Amino acid sequence: MPRLREVPRAEVTDEKILFFYDRLFGPDKDPAVDHGTVHGTPGDWWTVFAQSPEVFRHAVRGFAVYRNATLDPALRELGQSRAGYARGSRFVFSQHCKQMRSLGVAEEKIAAIPHWQVSGCFSDLERAVLAYTDGLVYDGGRVPDEVFAVLRANLTDPEILELTYITALYDMHATMCRALRLEFDDRPEVVAEVRDPEGVEVRDLASDLTGDR
């Protein structure tokens, strides 16, 4: 379950939220109880974001940045997919792999996103987009001049700005989905101590490894 309460239909008064409840779940469903969007996702992103109509509306307006963007949608989705993977969000990664597929991107490229560094299926520009995304997500915006030079040689300034903004936006969404355990990121922490089995003596590990007596 998500870490925040889902807002049932009966409590929603905001017209924008009700619009998306109807559009994505159907007018006869309570998304907080009867989970499942028309896109095959649980849908709790929508029901949790409904906690704040202001945040909900701001987030939804952010999606509209696609409408008049000049950046090639395939490059946009490449950045978003890699951002989801790099941030460890199964939801963002999955959704934007699907979107790449809907744009006709080759399955070989979609499958290679996790190991793009050693894949030969990407163009120089696509590799620069992937490297740029890693600089944004992994390195907090530290991007080598050599990577940026490839972007500049192939994209306009508005396109680079769009790529930067949209990729960073979905880094934020990936982070929020993990923190709130939304959608496909509703999973427990995988890194936890493996305790000694019953009956195993507690010993000084460092001493055993160094051979000290």
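Residues numbered from 1 in each chain as written. Predicted model: local features only at pLDDT ≥ 70, side-chain atom pairs only at ≥ 80, totals over all residues. Heavy atoms only, no water.

By the naming in an unreviewed UniProt entry, the protein goes by Alkylhydroperoxidase family enzyme and is assigned to Nocardia transvalensis.

Colleague: Report on the overall build of the protein, specifying residues and quantitative values.
Modeller: When its secondary structure is counted, the protein shows 10 helices and 0 strands. When the helices and strands of the protein are read in sequence order from the N terminus, they spell out α-α-α-α-α-α-α-α-α-α. For 213 residues, the compact-globule formula gives about 17 Å, and the C-alpha radius of gyration of the protein, at 21 Å, lies well above that figure. In terms of principal-axis extent, the alpha carbons of the protein reach across some 70 × 50 × 30 Å. Of all 213 residues assigned to the protein, the portion counted as buried reaches 42%. Working note: accessible area of the protein is about 12600 Å², and carbon and sulfur atoms make up 54% of it. On the protein, the mean spot of the 25 positive side-chain charges and the mean spot of the 35 negative ones are 2 Å from each other. (Helix = DSSP H or I, 4+ residues; strand = E, 2+ residues; numbered from the N terminus. Rg over C-alpha atoms; globule rule 2.2 N^0.38 Å. Buried < 20%, exposed > 50% of the residue type's maximum accessible area, 1.4 Å probe, protein only. Areas by Shrake-Rupley, 256 points an atom, 1.4 Å probe, with all protein chains shown as cover. Lys, Arg positive; Asp, Glu negative; His and termini not counted. Charge placed at Lys NZ, Arg CZ, Asp CG, Glu CD.)

Colleague: Outline the packing of helix H7 (residues 124-137) against helix H9 (residues 157-180), listing residues and values.
Modeller: Between two packed helices, both the angle of their axes relative to each other and the distance between the axes serve to describe the pair. Running from amino to carboxyl end, H7 crosses H9 at an angle of 50°, the nearest separation of the two axes being 10 Å. On the basis of their axis angle, the class for H7 and H9 is oblique. Handedness of the crossing formed by H7 with H9: right-handed. Taking contact as the criterion, the partners of Val 129, Tyr 132, Thr 133, Leu 136 and Val 137 in H7 are, on H9, Leu 163, Thr 164, Thr 167 and Asp 171. Here the contact of H7 with H9 is built from residues that sort into 5 nonpolar, 3 polar and 1 charged. (Axes fitted to C-alpha atoms, helices over the stretch in contact; angles between N-to-C directions. Parallel < 35°, antiparallel > 145°, perpendicular 65-115°, else oblique. Left-handed = near helix turned anticlockwise from the far one by under 90°. Contact = heavy atoms within 4.5 Å. Nonpolar A, V, L, I, M, F, W, Y, C, P; charged D, E, K, R; others polar.)

Colleague: Describe helix H4 (residues 73-87), and please don't skip the residues or the numbers.
Modeller: An ideal rise of 1.5 Å per residue puts 21 Å on 15 residues; H4 measures up with 21 Å between its terminal C-alpha atoms. Across the 15 residues of H4, 11 count as buried, placing the element largely inside the fold. Among the residues of H4, those classed as buried are Leu 75, Arg 76, Glu 77, Leu 78, Gly 79, Gln 80, Ser 81, Arg 82, Ala 83, Gly 84 and Ala 86. On the buried face of H4, the contacting elements are helix H5 (90-102), H7 and H9. The N-cap of H4, judged by a side-chain oxygen 2.9 Å from the amide nitrogen of Ala 74 a few residues on, is Asp 72. One or two steps after H4, the chain reaches Gly 88, where phi turns positive at roughly 80°. (Expected span 1.5 Å × (residues − 1). Polar contact = N/O pair within 3.5 Å; in protein donor to acceptor, adjacent residues only side chain to side chain.)

Colleague: Break down the layout of surface pockets for me, citing the residues and quoting the values.
Modeller: For the largest pocket, the calculated volume is near 960 Å³. Forming the boundary of the largest pocket are 27 residues, of which His 39, Trp 46, Phe 63, Gln 95 and Tyr 170 lie nearest the centre. When residues of the lining of the largest pocket are assigned to their parent elements, the largest contribution, 6 residues, is made by H5. Each residue belonging to the lining of the largest pocket can be placed in one class, and the counts come to 12 nonpolar, 7 polar and 8 charged. Two domains each put at least three residues into the lining of the largest pocket: domain 1 (9-64) and domain 2 (73-180). In this model, the second largest pocket occupies a volume close to 210 Å³. In terms of lining, the second largest pocket is formed by Arg 3, Gly 88, Arg 178, Arg 181, Asp 185, Arg 187, Pro 188, Glu 189 and Val 190. Looking at the lining of the second largest pocket residue by residue, the class counts come to 2 nonpolar, 1 polar and 6 charged. (1 Å grid on protein atoms, 1.4 Å probe; cavity = no way out; pocket = protein on both sides within 12 Å on 5 of 7 lines; lining within 4 Å. Points joined across faces, edges and corners; volume = space filled by probe spheres on them. Domains from an automatic or database assignment.)

Colleague: Could you give an account of the nonpolar core, with specific residues and numbers?
Modeller: If you look at the biggest cluster of nonpolar residues, it comprises 24 residues, and the most contacted ones within it are Leu 78, Phe 122, Val 129, Leu 151 and Leu 155. Contributions of two or more residues to this core are made by H4, H5, helix H6 (107-112), H7, helix H8 (145-154) and H9. For this core, the element with the highest residue contribution is H7, accounting for 7 residues. Look past the residues within four positions of Val 129 in its chain and what remains in contact with it is Leu 75, Leu 78, Gly 79, Leu 151 and Leu 163. Within the second largest apolar cluster, 19 residues are counted, among which are Trp 46, Ala 50, Val 60 and Leu 182. (Core = buried A, V, L, I, M, F, W, Y, C linked by side-chain atoms within 4.5 Å.)

Colleague: Can you tell me about the domain arrangement of the protein, naming the residues and giving the values?
Modeller: Each assigned domain of the protein is listed with its residue range as follows: domain 1 (9-64) and domain 2 (73-180). Here the C-alpha centre of domain 2 lies 27 Å away from the C-alpha centre of domain 1. Counting residues at the interface gives 7 residues for domain 1 and 8 residues for domain 2. For the pairing of domain 1 and domain 2, the buried interface totals around 550 Å² over both sides, and the portion due to carbon and sulfur atoms is 77%. Inspection of the region where domain 1 meets domain 2 yields 0 salt bridges. Linking domain 1 with domain 2 are 0 residue pairs in polar contact (both at pLDDT 80 or more), by the criterion used here. Elements with a contribution of two residues or more to the side of domain 1 that touches domain 2: helix H2 (44-49) and helix H3 (53-63). Split by residue class, the side of domain 1 that touches domain 2 holds 5 nonpolar, 2 polar and no charged. (Buried area = accessible area lost by both parts, 1.4 Å probe. Salt bridge = Lys/Arg side-chain N within 4 Å of Asp/Glu carboxyl O.)

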